[in-house]
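Coordinate analysis (summary)
Listed here are the chains, written in short residue letters.
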Amino acid sequence: MNSLPTLLLLTITSVLSANHNLVQKSVCRANRECYQYLRGSPECGARCQQIVLRAWDDNTGLDTVPYGRHFQPDCRDQLYKNRTDQCIECQRGSSPREDHCRRSAIAFGCYRDQYGELLKTPQVVPMPDLLLRSTVEQCAQILQISDRQIADANLHLTPAGHRLMRCVIIREGFYSDADGPYLDRLYVQCGGYQRGEAAFKRHFQACHKRILTQKPNAPTLASKLATECIPRSSPNQRDVVPSSNPSIELPAGTSPASCRATQMVVCASSCNNFAIARQCSSSSIVGPIQLSIILASFPRENGFPITGPLIQTLPAEARSCIVNQFRYCRTNCLPEAIERNCHAAEMD
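The text that follows walks through the structure, step by step, so that each part is easy to find. (Residues numbered from 1 in each chain as written. Predicted model: local features only at pLDDT ≥ 70, side-chain atom pairs only at ≥ 80, totals over all residues. Heavy atoms only, no water.)

1. Section: unusual backbone geometry
Under the convention used in this document: Burial classes: relative accessible area under 20% of the type maximum marks a residue as buried, over 50% as exposed, and values in between as partly exposed (1.4 Å probe, protein chains only).
Phi at Gln-144 takes a positive value of approximately 55 degrees, unusual for a residue other than glycine. The class of Gln-144 is exposed, set by a relative accessible area of 71%. One non-glycine residue with positive phi stands out, namely Lys-215, at about 55 degrees.

See the structure below:
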């Protein structure tokens, strides 16, 4: 019979393994961290707190979805969001846009006073691109997906690509074979722009049900959920894989082989049809699945897509984005470009 300490250890291990790379923090924990960072400048504590919770950006301000998770509204209160927005709007006029510390302090005060009770329990915080890219690299290593496979722009269409995506969303804590997708976590990561939470979940659940009718195996199911079921509401929307063109910066002393492997992983996650479609599509113009099908018809040179006549059929916004994505891929991800960049990193 298992002893009590053994049972406790098994329980703790089970909980931790379910979260994998997922990050959860409370406002109280963020404040304690910021106290250490900001000794001597406590007046900017609210901004630090919101940055630690990955809910603040100086250019766009507060991301209400992850931040609102840290407050519990009264279940009978239907006006808490409106009151909070009005509170922020009324006080924001006296604060210059570049006064980030004051603007973030106003937001914290309004959420505390109008939105709901401050929660002590840790909540999911969104994953930045750096952590997403690290997860892709870890999974490629775990699954022994070779550099040649990673460099293939059509990796996402292969069984290896499906296994890779399944590993990625499991390690991110967004999915398990037993429980399926964790929609609350996915909404914090990928929702909250121009689409409400209920609509986000309805869309995902309908897509999930449609995919199940195809009777896919476990890796294909997980991959399709990640690439087909997340509704897109904004060109800048976060995703479960890196969706923007990362600048590839490596520590000094990185070996050429490690540099090449890292760059191939980054390129594979940024330059396949689905990644480009997610980056360049908008649900109000053309969806990511439709755009990825169009991109599959584009001519390729040295394994990477180039523009063709079909691009003229797309909206101007999508055309401009695609051209920029193609330029990035061809500049940074051709074999000679990777060799050049890694040689430069070695020289540094």
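2. Examining the side chain of Gln-50
The line we're drawing: Helix and strand definitions follow DSSP, with helices as H or I runs of at least four residues and strands as E runs of at least two, each counted in order from the N terminus. The criterion used for residue contact is that any of the two residues' heavy atoms lie within 4.5 Å.
In this structure, Gln-50 sits in helix α3 (residues 45-52). Owing to a relative accessible area of 0%, Gln-50 belongs among the buried residues under this scheme. Aside from chain neighbours lying at most four places away, what touches Gln-50 is Ala-55, Trp-56, Leu-62, Tyr-67, Ser-104, Ala-107 and Phe-108.

3. Describing the state of the cysteines
The line we're drawing: In plain terms, two cysteine sulfur atoms within 2.5 Å form what is called a disulfide here.
One pass over the full model with this rule turns up five disulfides. A sulfur-sulfur distance of 2.0 Å marks the disulfide that ties Cys-34 to Cys-48. In this structure, the disulfide formed by Cys-34 and Cys-48 twists by about -90 degrees around the S-S bond and is classed as left-handed. Placement of the pair is Cys-34 in helix α2 (residues 27-37) and Cys-48 in helix α3, with a sequence separation of 14 residues. Classification of Cys-48 as buried rests on a relative accessible area of 11%.

4. Things to note about the packing of helix α10 (residues 183-190) against helix α11 (residues 197-212)
In plain terms, the rule: Only the stretch in contact is used when fitting a helix axis, every axis being a line fitted to C-alpha atoms; angles between N-to-C directions are given from 0 to 180 degrees. When the near helix sits turned anticlockwise from the far one by under a right angle, the crossing is termed left-handed; a clockwise turn instead gives a right-handed crossing. When residues are sorted by character, Ala, Val, Leu, Ile, Met, Phe, Trp, Tyr, Cys and Pro go into the nonpolar class, Asp, Glu, Lys and Arg into the charged class, and all the rest, Gly among them, into the polar class.
One way to put it is that α10 packs onto α11 with a least axis distance of 10 Å and a crossing angle of 115 degrees. Regarding α10 and α11, the two cross each other, and that crossing is right-handed. On α11, the residues that touch Leu-183, Asp-184, Leu-186, Tyr-187 and Cys-190 of α10 are Glu-197, Phe-200, Lys-201, Phe-204 and Gln-205. The residue makeup of the contact of α10 with α11, split by class, is six nonpolar, one polar and three charged.

5. Quick word on the nonpolar core
The following threshold applies: Within this scheme, the nonpolar core is defined by two criteria: the residues are buried Ala, Val, Leu, Ile, Met, Phe, Trp, Tyr or Cys, and they are joined through side-chain atoms within 4.5 Å.
Membership of the largest hydrophobic core comes to 26 residues, with the highest contact counts inside it found for Ile-169, Tyr-175, Leu-186, Phe-204, Leu-225 and Val-240. For this core, the secondary structure elements donating two or more residues are α9 (159-171), α10, α11 and α12 (218-228). The element best represented in this core is α10, accounting for five residues. With sequence-adjacent residues up to four places away left out, Ile-169 is seen in contact with Phe-174, Tyr-175, Ala-222, Ala-226 and Val-240. By size, the runner-up hydrophobic cluster in this structure holds 23 residues, among which are Tyr-67, Ile-88, Ala-107 and Tyr-111.

6. Quick look at the packing of aromatic side chains
Here is the rule we go by: In this scheme Phe, Tyr and Trp rings, the latter by its six-membered ring, pair at centre separations within 6.5 Å, and the angle between planes marks the pair as stacked below 30 degrees, edge-to-face above 60, and tilted otherwise. Any Lys NZ or Arg CZ found within 6 Å of a ring centre and within 35 degrees of that ring's normal is scored as a charge over the ring.
The final tally for this structure, using the stated rule, is seven aromatic pairs. Relative to Phe-71, the ring of Tyr-67 has its centre 5.4 Å away and its plane inclined at 65 degrees; by these criteria the two rings are edge-to-face. You'll find Tyr-67 and Phe-71 in the same group, each marked buried. Counting every residue linked through ring pairs, the aromatic cluster contains Tyr-67, Phe-71, Tyr-80, Tyr-111 and Tyr-115. Directly above the ring of Tyr-182 sits Arg-185, whose terminal nitrogen or CZ lies 4.8 Å from the centroid.

7. Concerning the pattern of salt bridges
As a reminder, the rule being used: A pair is scored as a salt bridge if a Lys or Arg side-chain nitrogen falls within 4 Å of a carboxyl oxygen belonging to Asp or Glu.
This model, assessed by the stated rule, comprises 12 salt bridges. Of the charged contacts, one joins Arg-166 and Asp-177 as a salt bridge, the two residues approaching to 2.4 Å between their closest N and O atoms. Pair noted here: Arg-166 is in helix α9 and Asp-177 is in the loop between β7 (175-176) and β8 (180-181), with a separation of 11 residues, a long-range link.

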